[in-house]
Structures are given as structure tokens and as C-alpha cells.
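Fold and contact review
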Amino acid sequence: MIKAISNYKTPVLIIEGCFSFKIPIAFDFRIWVECDKSICYQRLVNREEADRLDITTELIILANTKYQECEDKYIKNYQPQQKADLIYDTEYTQNHILS
């Protein structure tokens, strides 16, 4: 997801997404959000069930399994945590930022 915020003196462009660290752009600042996979999975299930009433839990599990394989490979190969200027760890505490 890309959001442009233009009511600042200097425009801010926010690019959100797990694979966004792969984009070959010289970003000014990168944030990596570290979140337990079980929490990510539950959020996916909740979001998909809310958005698409016809989707089955089995289909969500299958899609997540394939997605998770791609995400794990991406994290291993691109090491986005190493490229981040800031890491926000959701398990450390709810409001604590690690750098």
C-alpha cells in the first residue's frame, strides 16, 4: 500500500508491505515491524473472513501457507531487519521501540 501525505511542508511517502524493502528506491527512513507469525495469521483470518463471507478457513490456511513460504524466503534472502533504520517489536512491549 502506498500513501502520499501532502499536508506537510515536505511531502511524505509511506510504502507499506512486507516485501517493500525489495523496492530499489533510496528511502530516507525504513521501519521494520517485527510481529509474531501467529498474530499475523490471526489478523489475516479475521480480515479475510470479514471482507469475504464466502471464503473458507481451509482456503485461508492454504493461502497463508503459500504466502508464508514466500515471506520466509524474502526475509532470509533480503534481510529487511538489517536494512531498517528502526525496528518496532510488537512482542517486546506494546509501545516500546527498538533501534
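Small disclaimer: the values here were computed from a predicted structure and weren't measured.

Reading the values: the criteria
Residues numbered from 1 in each chain as written. Predicted model: local features only at pLDDT ≥ 70, side-chain atom pairs only at ≥ 80, totals over all residues. Heavy atoms only, no water. Salt bridge = Lys/Arg side-chain N within 4 Å of Asp/Glu carboxyl O. Helix = DSSP H or I, 4+ residues; strand = E, 2+ residues; numbered from the N terminus. Buried < 20%, exposed > 50% of the residue type's maximum accessible area, 1.4 Å probe, protein only. Expected span 1.5 Å × (residues − 1). Arc of directions from axis to C-beta.

The next point concerns the pattern of salt bridges. Across all of its chains, the model carries one salt bridge by this definition. The partner of lysine 37 in a salt bridge is aspartate 72, with the nearest N and O atoms 2.6 Å apart. Of the two residues, lysine 37 sits in helix α1 (residues 37-51) while aspartate 72 sits in helix α2 (residues 57-78), which places them 35 residues apart along the sequence. A relative accessible area of 45% means that lysine 37 is categorised as partly exposed.

What follows covers α2. The first and last C-alpha atoms of α2 sit 30 Å apart over 22 residues, in line with the 32 Å expected at 1.5 Å per residue. Residues of α2 that are buried include every one of Ile60, Asn64, Gln68, Glu71 and Tyr74, and no others. Buried residues of α2 fall within an arc of 130° about the axis and therefore sit on the same side. Exposed side chains of α2 directed beyond 90 degrees from the buried face belong to Glu58, Lys73 and Lys76.

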